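# Understanding the architecture of this molecule
Here is how the chains run, residue by residue.
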Amino acid sequence: MKILLLILAAITLFGCQNNTQLDNTHSRFDFTHAKKFTADNLRNKVHNLQLTAHWADDNDTLFWFERFSPETGQEFILVSTASYQQKALFDKIQLQQALGLNDDIMWQQSPMENVIFERNKLTFSLKNKKHACDLATEKYECELLKDNEPEQIESINNLSPDNQYYVKLVNYNLFLCKTATQVCQQLTTDGNETTPYAVTHAYPEAKLDNDHFDEQKKLGIYWSNDSQYFISYKLFREGVNQFTLTDSAAGKDFNVNTVRYYYPQAGDDVLPMGQVVLVDVALQQAKLLDAPKVIQTYYGRPIWGHWHRGDFYYQDRRRGNQALYLRKVVANENKVVSLIKEEDKQFIDPWVQTSYYLDNSDQVIWSSQRTGYQHLYLYNTVTGKLINPITQGEFTVRVIRGVDEKKGVLYFEASGKETNRDPYLRHLYRINLDGSNLTLLTPEAFEHDTRLSPNFNYIIDSYSDAQTPTESWLRSASTGEKLVKLNQAEFSELITLGWQPPEPFSVLADDGITTLYGLMYKPTHFDASKKYPIIDDTYTGPHNFFTPKSFATFDNQRPALAELGAIILKIDGRGTNKRGRAFHRFSYKNLAAGTDDHVWAIKQLAKKHAFIDIDRVGIFGFSAGGYDTMQAMLRHDGFFKAGVSASGNHDFRVDKAGWNEIWMGWSMTEHWQQQSNYTNVERLKGKLLLAHGELDSNVHPSATLRLVDKLIAANKKFDLLVMPKMGHILDTSSYFIEKRWRFFIEHLQLTTSGN
């Protein structure tokens, strides 16, 4: 009996000591070091990642730019393209003397803002005061500019370009008013709350704390350049779903604020629709044009477009996202013409759709993925006929940087064309508008961010990769030749801190063909002889890719989390964007599979690196990444031991139509239910923290609370954090960030020493 009691006492003592050790490990964790690696802290220790050239008088002979030097702080450099000479834009000492300041200017704090330099006149803000200095004189002459006198009359919204007219809404009807006399002519009479004219849907947060909010103040109005016409719309929103946003911590009177608002919900039968309205100023008449109504799938307005050469152009995306039109309003004929129609049996991606209207001809450059890759096509804007393809091949056009219409040359950035490098890296090319003479202008195997000079003679090229600091160069726009180095990244404070760049990696997907690319973040105290948990920072939204390709890899939560003793993974799997249609379509009606490539990659990395502990895998993400986190824990049978899901759109039917219906299709199919996080919650294994902001107007908090209801019904254990006063992005809260740290420390047994 004594022996048994001794054994029980020993067991009890060991258990108490063990529990105390776990509790103390959690409570003793010092976040001081990790906080040094947060995004807010790191981003302020890096300078010169981009270079913005300000060209003098819109010619190619002179430009200036701002940079930061560890020795002298904020600098402004003037560059001559004739001699490539670089010199200070002004003498700092002389400027300070001319300003007559009592205290020295602290250039290390980059105090000068809103800088404009035109014809030797420098204007800028310093300590919230605006100054103007003449730099042409031997001694600078500076004056303190007075604040603009307050307007005698209330500022006028929706003013015409010639300032002669403005538009207002009264009782949801359009009025055209003369600025000089304030006399108004009523243009419409049938507007009301459910069918208003020109109303834009504001984010509901704007209404919560504003008792005087009036949705009739912010209007969707597009004036023609000559002020003869404007375009608006009649909005049809009867039967559209409305949500309620609640502020439970409102005010000092212990009340609760709520606001009702229209929200185009995915899968709903009725979405807001806009019919184009053309107003003729001279005739003072508004006309509903004969054209299909345009769907509105989020906040804002249904009609987006602009005037060009006397006509108004807008894109019309049909519901289901299988048809997209470019339409033109011919104002002087009161009609709408359909110019271009894009069709696809699955989806057309509006996130990459672009157009560029030529100023000196009736032509538009139109993008399409009809060949399997994003390419550019030249169309006639009078007939709508295709003139010719401009770009072709197995690569992705990313952005148009400019068109030299005199020479008929297009400049664009693209990725995936150059071999033996990361296919996401952007390069600048030039090509004739007829599709001939494609020329690579930035051949280095880096991520290039480029801009053209006003007359298309020069390129400003800032390039880098995840481990190579940014360099900025002036290059020839005809050959790409490097002419002079302008700047380079300044990150000495990062080095002093001990920061190290993440390591790029690539793995083959489980198809044995497709290469996947990612970054691995390690703690600065990394020891390859020890084992570390690995945590996946997930976001698999098909509208883009999310692994940084430039040197700016630190403006996120991964470095600080790594400092707590973990390997952090960032990777783009199949189904994400910018690698062609075949890669992209992996996610069509298949969003639930977003993390499959992540799991595969982690397993391959663990086979290669002994320091990865495959038995301690975590995952976190927000928004679509919040959906990913929960879905991954349901889908991968205990692979993830801990997950933090923030602001998740856990079921497509409680989220916005504009995003979900693109990738999941419309009308709804069985895929919607099968891939909902509300389905199969009984599969949950591992530790789960759900978080949502009460004022989230992007993904309503009900998305998470409905999941909570399902988990309770299934008798599942989980943690929940609902944050008052917080919207969609919770990473702006240090409380939430540290809550996530503590969760992974506890459930993945993180230690700053590895094992």
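All right, on to a nonpolar patch on the surface then. Taken together, the side chains of Leu705, Leu720 and Val722 define a hydrophobic patch exposed on the protein surface, amounting to about 230 Å² of accessible area. You can see Leu720 is positioned in strand S42 (residues 719-723). For Leu720, a relative accessible area of 38% translates into the label partly exposed.

Locating Asn321 in the fold gives a position in the loop between strand S20 (311-317) and strand S21 (323-330). Assessed through its relative accessible area of 3%, Asn321 is described here as buried. Engagement of the side chain of Asn321 in a polar contact is seen with the side chain of Arg317, the distance being 2.5 Å. From its side chain, Asn321 meets the backbone oxygen of Glu661 in a polar contact 3.5 Å long. Look past the residues within four positions of Asn321 in its chain and what remains in contact with it is Gln346, Phe347, Ile348, Glu661 and Ile662.

Below, the discussion takes up the packing of aromatic side chains. A full pass over the atoms with the stated rule returns 43 aromatic pairs. Ring centres of Phe243 and Tyr261 lie 6.3 Å apart, and the angle between their planes is 85°; this geometry places the pair in the edge-to-face category. Within this pair, whereas Phe243 is found in strand S14 (residues 242-250), its partner Tyr261 is found in strand S15 (residues 255-262), the two being separated by 18 residues in sequence. This pair shows no difference in class: Phe243 is buried, exactly as Tyr261 is. Residues Trp499 and Phe554 carry aromatic rings whose centres are separated by 6.2 Å and whose planes lie at 85° to one another, so their mutual orientation is edge-to-face. Of this pair, Trp499 sits in the loop between helix H6 (492-497) and strand S35 (503-508) while Phe554 sits in the loop between strand S37 (532-537) and helix H7 (558-563), placing them 55 residues apart in sequence. Judged by its relative accessible area of 3%, Phe554 falls in the buried class. Grouping aromatic residues by their ring pairs yields a cluster made of Tyr203, Phe243, Tyr261, Tyr263, Tyr298 and Tyr299.

One can find Trp223 in strand S12 (residues 222-223). When its relative accessible area of 11% is taken as the criterion, Trp223 is described as buried. With 56 residues separating them along the chain, Trp223 and Val167 place their C-alpha atoms 10.0 Å apart. Ignoring sequence-local partners within four residues, the contact set of Trp223 consists of Asn158, Leu159, Ser160, Pro161, Tyr165, Val167, Leu176, Tyr229, Phe230, Val281 and Trp307. A distance of 3.1 Å separates a polar side-chain atom of Trp223 from the backbone oxygen of Asn158.

Here we take up the confidence of the model for the protein chain. Detailed reading of the predicted coordinates is not advisable wherever pLDDT is low. Mean pLDDT over the protein chain: 94, with 95% of residues reaching 70 or higher. A low-confidence stretch, residues 1-27 stays under pLDDT 50, and its non-local contacts, those more than four residues away or across chains, total three contacts. Low pLDDT, under 50, characterises residues 149-153; the stretch is placed with zero contacts to residues that sit more than four places away or in other chains.

Inspection of the entire model under this criterion finds two disulfides. The residue that forms a disulfide with Cys133 is Cys142, at a sulfur-sulfur distance of 2.1 Å. Taking the torsion about the sulfur-sulfur bond, which here is approximately 115°, the covalent link between Cys133 and Cys142 counts as right-handed. The exposure class assigned to Cys133 is buried, which follows from its relative accessible area of 1%.

What follows concerns the sheet that holds strand S2 (residues 62-69). Across the sheet, four strands lie side by side as S1-S2-S3-S4; this open sheet has antiparallel pairing. Whereas interior strands pair on both sides, the edge strands pair on one side only; in this sheet they are strand S1 (54-55) and strand S4 (86-88). With eight bridges joining them, S2 and strand S3 (residues 73-80) adopt antiparallel strand pairing. The partner of Phe63 across the bridge, within S3, is Val79.

So, on to unusual backbone geometry. Omega for the peptide link from Trp666 to Ser667 comes to 10°, which places this bond in the cis form. Looking at where Ser667 falls in the secondary structure, it is placed in the loop between helix H11 (657-664) and helix H12 (670-674). For Asn48, which is not glycine, the phi dihedral falls at a positive 65°. Within the fold, Asn48 resides in the loop between helix H3 (39-42) and S1. Look at Asn48 and you get buried, because its relative accessible area is 11%. A positive phi angle is found at Asn128, which is not glycine, with a value near 65°.

A few words on the pattern of salt bridges. Per the stated rule, a full pass over the model turns up 42 salt bridges. Where Lys35 meets Glu738, a salt bridge forms, and the shortest distance between an N and an O atom there is 3.3 Å. Taken as a pair, Lys35 in helix H2 (residues 32-35) and Glu738 in helix H14 (residues 734-747) lie far apart in primary sequence, 703 residues in all. The network of salt bridges with shared partners includes Arg401, Glu413, Arg426, Glu447, Asp449 and Arg451.

Next up on the list: H14. The periodicity of an α-helix, 3.6 residues per turn, causes residues three or four places apart in sequence to face the same way. Taking 1.5 Å as the rise per residue, H14 with 14 residues should run 20 Å; its terminal C-alpha atoms sit 20 Å apart, in good agreement. For H14, the complete set of buried residues consists of Phe736, Ile737, Glu738, Arg740, Trp741, Phe743, Phe744, Ile745 and His747. A distance of 3.3 Å separates the backbone nitrogen of Tyr735 from a side-chain oxygen at the start of H14, and that oxygen is part of Ser733. Remark: Gln749 follows H14 within two positions and exhibits a positive phi of approximately 50°.

As a further point, take the environment of Phe175. Considering the arrangement of structural elements, one finds Phe175 in strand S10 (residues 173-178). C-alpha of Phe175 to C-alpha of Gln284: the two residues are 109 residues apart in sequence and 9.4 Å apart in space. Apart from residues lying up to four places away in sequence, Phe175 is in contact with Tyr166, Val167, Lys168, Val170, Cys184, Gln185, Gln186 and Leu187.

Right, let's get into the side chain of Asp449. Looking at where Asp449 falls in the secondary structure, it is placed in strand S31 (residues 447-452). Within the local environment of Asp449, its side chain forms a polar contact with the side chain of Arg401, the two groups lying 3.4 Å apart. Setting aside residues no more than four positions away along its own chain, Asp449 makes contact with Gln50, Arg401, Glu413, Arg426, Ile460, Asp461 and Ser462.

Below, the discussion takes up the sheet that holds S21. Strand order across the open sheet formed by four strands is S19-S20-S21-S22, with antiparallel pairing between neighbours. Each edge of the open sheet is held by one strand with a lone partner, namely strand S19 (305-308) and strand S22 (335-343). Averaged over neighbouring strand pairs, the angle between their axes works out to 25° when direction is ignored. Bridge count between S21 and S22: eight bridges; the pairing is antiparallel. From the neighbouring strand, Lys328 faces S22, where its bridge partner is Val337.

Next up on the list: the pairing of strand S29 (residues 426-432). Counting buried positions along S29 yields seven of seven residues, so the element is predominantly enclosed. Going residue by residue along S29, you find Arg426, Leu428, Arg430 and Asn432 tucked away on one face and His427, Tyr429 and Ile431 tucked away on the opposite face as well. Where strand S28 (residues 409-415) meets S29, seven bridges bridge the pair, whose relative direction is antiparallel. What sits directly across from Val409, in S29, is Asn432. Pairing geometry for S29 and strand S30 (residues 439-440), over two bridges, is antiparallel. Each residue of the ladder has a partner; that of Tyr429, found in S30, is Leu440. The antiparallel pairing of S29 with S30 creates a hairpin that spans six residues between the two strands, and Gly435 there sits at a positive phi of about 90°.

How each quantity is defined
- Residues numbered from 1 in each chain as written.
- Predicted model: local features only at pLDDT ≥ 70, side-chain atom pairs only at ≥ 80, totals over all residues.
- Heavy atoms only, no water.
- Patch = residues over 30% accessible without salt bridge, like charges linked within 9 Å, V, L, I, M, F, W, Y side chains within 5 Å.
- Areas by Shrake-Rupley, 256 points an atom, 1.4 Å probe, with all protein chains shown as cover.
- Salt bridge = Lys/Arg side-chain N within 4 Å of Asp/Glu carboxyl O.
- Helix = DSSP H or I, 4+ residues; strand = E, 2+ residues; numbered from the N terminus.
- Buried < 20%, exposed > 50% of the residue type's maximum accessible area, 1.4 Å probe, protein only.
- Polar contact = N/O pair within 3.5 Å; in protein donor to acceptor, adjacent residues only side chain to side chain.
- Contact = heavy atoms within 4.5 Å.
- Phe/Tyr/Trp six-rings, centres within 6.5 Å; stacked < 30°, edge-to-face > 60°.
- pLDDT = per-residue confidence, 0-100.
- Disulfide = S-S within 2.5 Å.
- Pairing = 2+ DSSP bridges.
- Expected span 1.5 Å × (residues − 1).
- Axes fitted to C-alpha atoms, helices over the stretch in contact; angles between N-to-C directions.

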